[in-house]
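# A look at the structure
Chain by chain, the residues:
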Amino acid sequence: MDTATRERQGGMKTHTRLPTLNILYVAAFAIVLAGSAFASRYAAKRAGEVFISSSGKIAGAAAKDATWSPLREGLVLGYAESKGAVTYIASIPLYTARAYAAVTVNADGEAVSGTLIKPAAGNAYSKRLGYVIGLIGKRAERGGSPLDGSVAPLVDTMLEEIASLERERVGGLNGRD
Amino acid sequence: MAATDRSELSPTWVSLAGLTPVFVAAENLVSGLVLAGAFLLAHSTCSAMSLFMPRMLSKPRGFALSMLGGALSLTLYASIIRILDPFLFEDLYARIFLVGFIAPVLNASLIPNGEAERERGWENVVRGLALSLAVVAFAFARELLATGFASLTGPRSSGSGSLMPFAMHPAGAFILLAFIAAAARAVTGRIRRKEP
(Lines give C-alpha, C1' and ligand atoms only; values in the text may rest on other atoms or scores of the structure.)
Protein backbone atom coordinates (compact mmCIF):
# COMPACT_ATOMS: atom_id res chain seq x y z
CA MET A 1 0.00 0.00 0.00
CA ASP A 2 1.56 3.31 -1.01
CA THR A 3 1.57 6.40 1.16
CA ALA A 4 -1.02 8.24 -0.91
CA THR A 5 -3.52 5.37 -0.57
CA ARG A 6 -2.91 5.16 3.20
CA GLU A 7 -3.45 8.91 3.58
CA ARG A 8 -6.61 8.69 1.53
CA GLN A 9 -7.86 5.84 3.75
CA GLY A 10 -6.93 7.77 6.88
CA GLY A 11 -8.81 10.77 5.55
CA MET A 12 -11.82 8.61 4.78
CA LYS A 13 -11.69 7.25 8.31
CA THR A 14 -11.79 10.76 9.80
CA HIS A 15 -14.69 11.70 7.55
CA THR A 16 -16.72 8.68 8.60
CA ARG A 17 -15.83 8.95 12.34
CA LEU A 18 -16.90 12.54 12.84
CA PRO A 19 -20.40 12.22 11.42
CA THR A 20 -20.87 9.06 13.55
CA LEU A 21 -19.91 11.00 16.68
CA ASN A 22 -22.25 13.81 15.64
CA ILE A 23 -25.09 11.37 15.10
CA LEU A 24 -24.40 9.89 18.55
CA TYR A 25 -24.55 13.38 20.07
CA VAL A 26 -27.80 14.24 18.31
CA ALA A 27 -29.30 10.87 19.34
CA ALA A 28 -28.24 11.37 22.97
CA PHE A 29 -29.72 14.90 22.94
CA ALA A 30 -32.95 13.58 21.45
CA ILE A 31 -33.20 10.84 24.09
CA VAL A 32 -32.57 13.23 26.99
CA LEU A 33 -34.97 15.78 25.48
CA ALA A 34 -37.70 13.15 25.10
CA GLY A 35 -36.98 11.90 28.63
CA SER A 36 -37.18 15.45 30.03
CA ALA A 37 -40.45 16.13 28.21
CA PHE A 38 -41.99 12.87 29.43
CA ALA A 39 -40.74 13.38 33.01
CA SER A 40 -41.97 16.98 33.02
CA ARG A 41 -45.44 15.94 31.84
CA TYR A 42 -45.64 13.11 34.34
CA ALA A 43 -44.35 15.36 37.15
CA ALA A 44 -47.03 17.98 36.40
CA LYS A 45 -49.72 15.27 36.54
CA ARG A 46 -48.31 13.85 39.77
CA ALA A 47 -48.09 17.32 41.36
CA GLY A 48 -51.76 17.88 40.46
CA GLU A 49 -52.69 14.62 42.19
CA VAL A 50 -50.77 15.58 45.33
CA PHE A 51 -52.37 19.04 45.41
CA ILE A 52 -55.83 17.50 44.94
CA SER A 53 -55.27 15.06 47.78
CA SER A 54 -54.03 17.96 49.93
CA SER A 55 -57.08 20.05 49.08
CA GLY A 56 -59.21 17.00 49.85
CA LYS A 57 -58.43 17.59 53.52
CA ILE A 58 -61.02 20.32 53.47
CA ALA A 59 -63.03 19.52 50.34
CA GLY A 60 -63.92 16.08 51.69
CA ALA A 61 -64.83 13.06 49.60
CA ALA A 62 -65.44 15.28 46.56
CA ALA A 63 -61.66 15.39 46.03
CA LYS A 64 -61.73 11.86 44.59
CA ASP A 65 -62.94 12.92 41.15
CA ALA A 66 -61.47 16.42 41.25
CA THR A 67 -59.49 18.08 38.47
CA TRP A 68 -56.41 20.24 39.03
CA SER A 69 -55.91 23.50 37.13
CA PRO A 70 -52.50 25.14 37.56
CA LEU A 71 -52.45 28.96 37.73
CA ARG A 72 -49.20 30.21 39.31
CA GLU A 73 -50.50 33.74 39.78
CA GLY A 74 -49.18 35.65 42.76
CA LEU A 75 -49.40 33.41 45.81
CA VAL A 76 -51.89 31.02 44.19
CA LEU A 77 -50.53 27.81 42.64
CA GLY A 78 -53.83 26.59 41.20
CA TYR A 79 -57.19 25.16 42.12
CA ALA A 80 -58.85 21.78 42.47
CA GLU A 81 -62.47 21.55 41.32
CA SER A 82 -64.98 18.86 42.06
CA LYS A 83 -68.76 19.01 41.61
CA GLY A 84 -68.82 22.78 41.87
CA ALA A 85 -66.61 22.98 44.95
CA VAL A 86 -63.39 24.86 44.27
CA THR A 87 -60.32 24.72 46.52
CA TYR A 88 -57.39 27.02 45.88
CA ILE A 89 -53.84 26.12 46.94
CA ALA A 90 -51.62 29.06 47.85
CA SER A 91 -47.96 29.30 48.73
CA ILE A 92 -47.26 31.83 51.50
CA PRO A 93 -43.71 33.14 51.98
CA LEU A 94 -42.56 33.34 55.61
CA TYR A 95 -39.03 34.77 55.52
CA THR A 96 -36.76 31.86 54.58
CA ALA A 97 -39.52 29.23 54.33
CA ARG A 98 -42.87 28.75 52.63
CA ALA A 99 -46.18 27.53 54.00
CA TYR A 100 -48.96 26.08 51.83
CA ALA A 101 -52.63 26.71 52.45
CA ALA A 102 -55.84 25.37 50.93
CA VAL A 103 -58.87 27.65 50.81
CA THR A 104 -62.30 26.46 49.66
CA VAL A 105 -64.74 28.92 48.10
CA ASN A 106 -68.48 28.43 47.68
CA ALA A 107 -70.59 29.07 44.57
CA ASP A 108 -70.75 32.78 45.46
CA GLY A 109 -66.97 33.01 45.55
CA GLU A 110 -66.89 33.42 49.32
CA ALA A 111 -64.01 31.75 51.16
CA VAL A 112 -65.76 29.26 53.43
CA SER A 113 -62.88 27.33 54.96
CA GLY A 114 -59.13 27.26 55.06
CA THR A 115 -56.37 25.10 56.41
CA LEU A 116 -52.60 25.02 56.42
CA ILE A 117 -51.72 21.91 54.41
CA LYS A 118 -47.95 22.26 54.82
CA PRO A 119 -46.46 24.47 57.54
CA ALA A 120 -43.26 26.43 56.93
CA ALA A 121 -40.60 24.21 58.49
CA GLY A 122 -38.66 25.84 61.28
CA ASN A 123 -40.61 29.10 61.16
CA ALA A 124 -41.92 30.63 64.35
CA TYR A 125 -44.82 32.32 62.53
CA SER A 126 -46.12 29.13 60.93
CA LYS A 127 -48.31 28.03 63.85
CA ARG A 128 -49.97 31.42 64.10
CA LEU A 129 -50.49 31.47 60.32
CA GLY A 130 -52.22 28.09 60.61
CA TYR A 131 -54.50 29.48 63.32
CA VAL A 132 -55.44 32.59 61.33
CA ILE A 133 -56.08 30.56 58.14
CA GLY A 134 -58.17 28.09 60.17
CA LEU A 135 -60.50 30.99 61.10
CA ILE A 136 -61.45 31.61 57.45
CA GLY A 137 -65.21 31.32 57.08
CA LYS A 138 -65.75 31.21 60.86
CA ARG A 139 -67.34 34.07 62.74
CA ALA A 140 -64.54 34.35 65.24
CA GLU A 141 -62.12 37.13 66.04
CA ARG A 142 -58.51 36.59 65.10
CA GLY A 143 -57.41 37.44 68.62
CA GLY A 144 -54.53 39.63 69.57
CA SER A 145 -51.25 37.85 68.97
CA PRO A 146 -48.26 40.15 68.48
CA LEU A 147 -47.35 37.93 65.50
CA ASP A 148 -50.51 39.02 63.63
CA GLY A 149 -48.77 42.15 62.39
CA SER A 150 -46.68 39.90 60.15
CA VAL A 151 -49.14 37.11 59.48
CA ALA A 152 -52.53 38.78 58.93
CA PRO A 153 -51.50 40.90 55.88
CA LEU A 154 -50.27 37.72 54.15
CA VAL A 155 -53.61 36.00 54.73
CA ASP A 156 -55.53 39.08 53.54
CA THR A 157 -53.39 39.30 50.37
CA MET A 158 -53.95 35.61 49.68
CA LEU A 159 -57.74 35.97 50.12
CA GLU A 160 -57.81 39.02 47.83
CA GLU A 161 -55.89 37.13 45.14
CA ILE A 162 -58.18 34.12 45.47
CA ALA A 163 -61.26 36.37 45.23
CA SER A 164 -59.89 38.01 42.09
CA LEU A 165 -59.02 34.66 40.47
CA GLU A 166 -62.42 33.25 41.39
CA ARG A 167 -64.13 36.26 39.77
CA GLU A 168 -62.10 35.61 36.62
CA ARG A 169 -62.89 31.90 36.68
CA VAL A 170 -66.66 32.41 37.13
CA GLY A 171 -66.59 35.21 34.55
CA GLY A 172 -64.91 32.83 32.11
CA LEU A 173 -67.54 30.15 32.78
CA ASN A 174 -70.36 32.63 32.18
CA GLY A 175 -68.69 33.80 28.96
CA ARG A 176 -68.58 30.22 27.74
CA ASP A 177 -72.33 29.60 28.45
CA MET B 1 0.57 42.48 47.95
CA ALA B 2 -2.90 42.34 46.42
CA ALA B 3 -1.48 41.23 43.09
CA THR B 4 0.46 38.44 44.82
CA ASP B 5 -2.69 37.31 46.65
CA ARG B 6 -4.65 37.14 43.40
CA SER B 7 -1.98 35.10 41.66
CA GLU B 8 -2.03 32.58 44.52
CA LEU B 9 -5.72 31.78 44.13
CA SER B 10 -6.20 28.15 43.15
CA PRO B 11 -8.99 27.09 40.75
CA THR B 12 -10.81 25.50 43.70
CA TRP B 13 -10.93 28.84 45.56
CA VAL B 14 -12.15 30.56 42.42
CA SER B 15 -14.84 27.88 42.01
CA LEU B 16 -15.86 28.28 45.67
CA ALA B 17 -16.25 32.02 45.13
CA GLY B 18 -18.36 31.34 42.04
CA LEU B 19 -20.51 28.99 44.07
CA THR B 20 -21.58 31.75 46.49
CA PRO B 21 -25.14 32.04 45.07
CA VAL B 22 -25.69 28.33 45.78
CA PHE B 23 -24.23 28.66 49.29
CA VAL B 24 -26.67 31.50 49.98
CA ALA B 25 -29.64 29.67 48.41
CA ALA B 26 -29.02 26.48 50.42
CA GLU B 27 -30.79 27.58 53.61
CA ASN B 28 -31.17 24.20 55.25
CA LEU B 29 -30.03 20.61 54.86
CA VAL B 30 -32.88 19.60 52.54
CA SER B 31 -32.43 22.53 50.15
CA GLY B 32 -28.65 22.02 50.40
CA LEU B 33 -28.97 18.40 49.28
CA VAL B 34 -31.29 19.29 46.40
CA LEU B 35 -29.09 22.17 45.19
CA ALA B 36 -25.87 20.17 45.61
CA GLY B 37 -27.43 17.41 43.48
CA ALA B 38 -28.46 19.96 40.84
CA PHE B 39 -24.97 21.47 40.84
CA LEU B 40 -23.26 18.09 40.60
CA LEU B 41 -25.48 17.04 37.71
CA ALA B 42 -25.10 20.30 35.75
CA HIS B 43 -21.36 20.53 36.40
CA SER B 44 -20.68 16.88 35.50
CA THR B 45 -22.82 17.05 32.35
CA CYS B 46 -21.16 20.25 31.15
CA SER B 47 -17.64 18.94 31.98
CA ALA B 48 -18.22 15.62 30.21
CA MET B 49 -19.83 17.23 27.18
CA SER B 50 -17.08 19.82 26.74
CA LEU B 51 -14.49 17.04 27.07
CA PHE B 52 -16.03 14.71 24.51
CA MET B 53 -17.16 17.40 22.08
CA PRO B 54 -16.02 16.78 18.45
CA ARG B 55 -12.82 18.75 17.87
CA MET B 56 -14.05 20.17 14.58
CA LEU B 57 -16.71 22.13 16.49
CA SER B 58 -15.95 25.80 17.17
CA LYS B 59 -15.50 26.86 20.81
CA PRO B 60 -18.65 29.03 21.04
CA ARG B 61 -20.79 26.25 19.54
CA GLY B 62 -19.23 23.66 21.86
CA PHE B 63 -19.90 25.95 24.84
CA ALA B 64 -23.52 26.47 23.78
CA LEU B 65 -24.06 22.72 23.31
CA SER B 66 -22.54 21.93 26.72
CA MET B 67 -24.78 24.53 28.35
CA LEU B 68 -27.79 23.09 26.54
CA GLY B 69 -26.87 19.63 27.85
CA GLY B 70 -26.57 21.04 31.39
CA ALA B 71 -29.96 22.77 31.07
CA LEU B 72 -31.59 19.57 29.81
CA SER B 73 -30.16 17.55 32.69
CA LEU B 74 -31.45 20.17 35.15
CA THR B 75 -34.93 19.97 33.60
CA LEU B 76 -34.89 16.22 34.10
CA TYR B 77 -33.63 16.64 37.67
CA ALA B 78 -36.30 19.25 38.49
CA SER B 79 -38.99 16.92 37.16
CA ILE B 80 -37.72 14.10 39.39
CA ILE B 81 -37.83 16.42 42.43
CA ARG B 82 -41.37 17.43 41.44
CA ILE B 83 -42.44 13.78 41.24
CA LEU B 84 -40.88 13.00 44.63
CA ASP B 85 -42.21 16.09 46.44
CA PRO B 86 -44.25 18.74 44.58
CA PHE B 87 -44.05 21.12 47.57
CA LEU B 88 -40.26 20.90 47.66
CA PHE B 89 -40.24 21.60 43.92
CA GLU B 90 -42.39 24.73 44.45
CA ASP B 91 -39.93 25.87 47.12
CA LEU B 92 -36.79 25.33 45.07
CA TYR B 93 -37.43 25.23 41.32
CA ALA B 94 -36.20 28.79 40.64
CA ARG B 95 -32.99 28.07 42.58
CA ILE B 96 -32.46 24.74 40.78
CA PHE B 97 -32.41 26.49 37.41
CA LEU B 98 -30.14 29.24 38.77
CA VAL B 99 -27.47 26.58 39.33
CA GLY B 100 -27.05 26.16 35.56
CA PHE B 101 -25.74 29.73 35.22
CA ILE B 102 -23.17 30.05 37.99
CA ALA B 103 -19.47 30.54 37.24
CA PRO B 104 -18.18 26.97 37.94
CA VAL B 105 -20.78 25.48 35.57
CA LEU B 106 -20.03 28.08 32.88
CA ASN B 107 -16.33 27.37 33.33
CA ALA B 108 -16.88 23.60 33.02
CA SER B 109 -18.72 24.18 29.73
CA LEU B 110 -15.66 25.69 28.07
CA ILE B 111 -13.92 23.38 25.60
CA PRO B 112 -10.41 22.51 26.94
CA ASN B 113 -7.43 24.29 25.38
CA GLY B 114 -5.01 21.72 24.02
CA GLU B 115 -4.25 18.11 24.88
CA ALA B 116 -2.80 18.73 28.38
CA GLU B 117 -5.93 20.51 29.57
CA ARG B 118 -8.11 17.84 27.96
CA GLU B 119 -6.23 15.12 29.86
CA ARG B 120 -6.85 16.99 33.12
CA GLY B 121 -10.58 17.14 32.33
CA TRP B 122 -11.44 14.42 34.87
CA GLU B 123 -10.23 16.81 37.60
CA ASN B 124 -13.25 18.94 36.78
CA VAL B 125 -15.59 16.08 37.61
CA VAL B 126 -13.82 15.44 40.95
CA ARG B 127 -13.90 19.19 41.69
CA GLY B 128 -17.68 19.17 41.04
CA LEU B 129 -18.13 16.38 43.57
CA ALA B 130 -16.02 18.19 46.18
CA LEU B 131 -17.91 21.46 45.64
CA SER B 132 -21.31 19.78 45.99
CA LEU B 133 -20.15 18.21 49.25
CA ALA B 134 -19.12 21.70 50.37
CA VAL B 135 -22.66 22.95 49.60
CA VAL B 136 -24.20 20.14 51.69
CA ALA B 137 -21.78 20.78 54.58
CA PHE B 138 -22.47 24.53 54.49
CA ALA B 139 -26.26 24.00 54.43
CA PHE B 140 -25.93 21.54 57.32
CA ALA B 141 -23.91 24.08 59.32
CA ARG B 142 -26.47 26.84 58.61
CA GLU B 143 -29.39 24.75 59.83
CA LEU B 144 -27.45 23.54 62.84
CA LEU B 145 -26.45 27.07 63.83
CA ALA B 146 -29.93 28.49 63.23
CA THR B 147 -32.01 25.84 64.97
CA GLY B 148 -29.53 23.78 67.00
CA PHE B 149 -30.59 20.73 64.99
CA ALA B 150 -30.32 19.48 61.40
CA SER B 151 -32.86 17.13 59.90
CA LEU B 152 -33.76 15.61 56.54
CA THR B 153 -37.43 16.26 57.23
CA GLY B 154 -36.95 20.04 57.31
CA PRO B 155 -35.75 22.50 59.93
CA ARG B 156 -37.40 22.76 63.33
CA SER B 157 -38.31 26.02 65.01
CA SER B 158 -35.26 27.65 66.53
CA GLY B 159 -35.10 26.88 70.20
CA SER B 160 -32.62 27.12 73.02
CA GLY B 161 -29.99 25.24 70.97
CA SER B 162 -29.77 28.02 68.41
CA LEU B 163 -26.34 29.67 68.28
CA MET B 164 -26.90 32.02 65.36
CA PRO B 165 -30.66 32.36 64.68
CA PHE B 166 -30.16 34.38 61.48
CA ALA B 167 -27.85 31.75 59.90
CA MET B 168 -30.68 30.63 57.58
CA HIS B 169 -31.10 34.19 56.24
CA PRO B 170 -28.95 35.37 53.29
CA ALA B 171 -27.08 37.81 55.56
CA GLY B 172 -26.24 34.93 57.89
CA ALA B 173 -24.87 32.95 54.95
CA PHE B 174 -22.54 35.78 53.95
CA ILE B 175 -21.32 36.22 57.54
CA LEU B 176 -20.69 32.49 57.86
CA LEU B 177 -18.87 32.43 54.51
CA ALA B 178 -16.68 35.32 55.66
CA PHE B 179 -15.80 33.45 58.88
CA ILE B 180 -14.96 30.26 56.96
CA ALA B 181 -12.86 32.13 54.38
CA ALA B 182 -10.96 33.96 57.15
CA ALA B 183 -10.33 30.70 59.03
CA ALA B 184 -9.18 28.91 55.87
CA ARG B 185 -6.85 31.78 55.02
CA ALA B 186 -5.37 31.77 58.52
CA VAL B 187 -4.82 28.00 58.39
CA THR B 188 -3.24 28.02 54.91
CA GLY B 189 -1.06 31.00 55.91
CA ARG B 190 0.19 29.16 59.02
CA ILE B 191 0.93 26.02 56.97
CA ARG B 192 2.86 28.04 54.40
CA ARG B 193 4.92 29.77 57.10
CA LYS B 194 5.88 26.37 58.56
CA GLU B 195 7.06 25.12 55.17
CA PRO B 196 10.85 25.50 54.75
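Residues numbered from 1 in each chain as written. Chains lettered and ligands numbered in written order. Predicted model: local features only at pLDDT ≥ 70, side-chain atom pairs only at ≥ 80, totals over all residues. Heavy atoms only, no water.

## A closer look at the overall build of chain B
Along its length, chain B carries 10 helices and 0 strands. Along chain B, helices and strands appear, N-terminal first, in the series α-α-α-α-α-α-α-α-α-α. Taken along its principal axes, the extent of the C-alpha atoms in chain B is 60 × 55 × 20 Å. In chain B, which comprises 196 residues, the share counted as buried stands at 43%. Of all intrachain contacts in chain B linking residues separated by at least 6 positions in sequence, the fraction that spans at least 24 positions is 69%. Of the roughly 10,300 Å² of accessible surface on chain B, a fraction of 69% belongs to carbon and sulfur atoms. Looking at charge distribution, chain B has the averaged site of its 16 positive side-chain charges lying 5 Å from that of its 12 negative ones. (Helix = DSSP H or I, 4+ residues; strand = E, 2+ residues; numbered from the N terminus. Buried < 20%, exposed > 50% of the residue type's maximum accessible area, 1.4 Å probe, protein only. Contact = heavy atoms within 4.5 Å. Areas by Shrake-Rupley, 256 points an atom, 1.4 Å probe, with all protein chains shown as cover. Lys, Arg positive; Asp, Glu negative; His and termini not counted. Charge placed at Lys NZ, Arg CZ, Asp CG, Glu CD.)

## So, the side chain of Thr20 of chain B
All names here are of chain B. Looking at the element boundaries, Thr20 is found in helix α3 (residues 20–25). Among the polar contacts made by the side chain of Thr20, one reaches the main-chain carbonyl oxygen of Ala17 at a distance of 2.6 Å. Look past the residues within four positions of Thr20 in its chain and what remains in contact with it is Phe174 and Leu177. (Polar contact = N/O pair within 3.5 Å; in protein donor to acceptor, adjacent residues only side chain to side chain.)

## Observations concerning the interface of chain B and chain A
Accessible area lost on assembly of the parts is the figure often given for the size of an interface. Each side of the interface is counted separately: chain B has 28 residues, and chain A has 31 residues. Surface buried jointly by chain B and chain A totals about 2,600 Å² across both partners, of which 69% is contributed by carbon and sulfur atoms. Interface area lost by chain B to chain A is led by Leu72, Ile83 and Phe87 of chain B, which between them contribute 27%. Taken together, the links from chain B to chain A amount to 1 salt bridge. Secondary structure elements with two or more residues in the side of chain B that touches chain A: α5 (59–84) and α6 (86–98) of chain B. Along the lines of polarity and charge, the residues of the side of chain B that touches chain A split into 16 nonpolar, 7 polar and 5 charged. (Buried area = accessible area lost by both parts, 1.4 Å probe. Salt bridge = Lys/Arg side-chain N within 4 Å of Asp/Glu carboxyl O. Nonpolar A, V, L, I, M, F, W, Y, C, P; charged D, E, K, R; others polar.)

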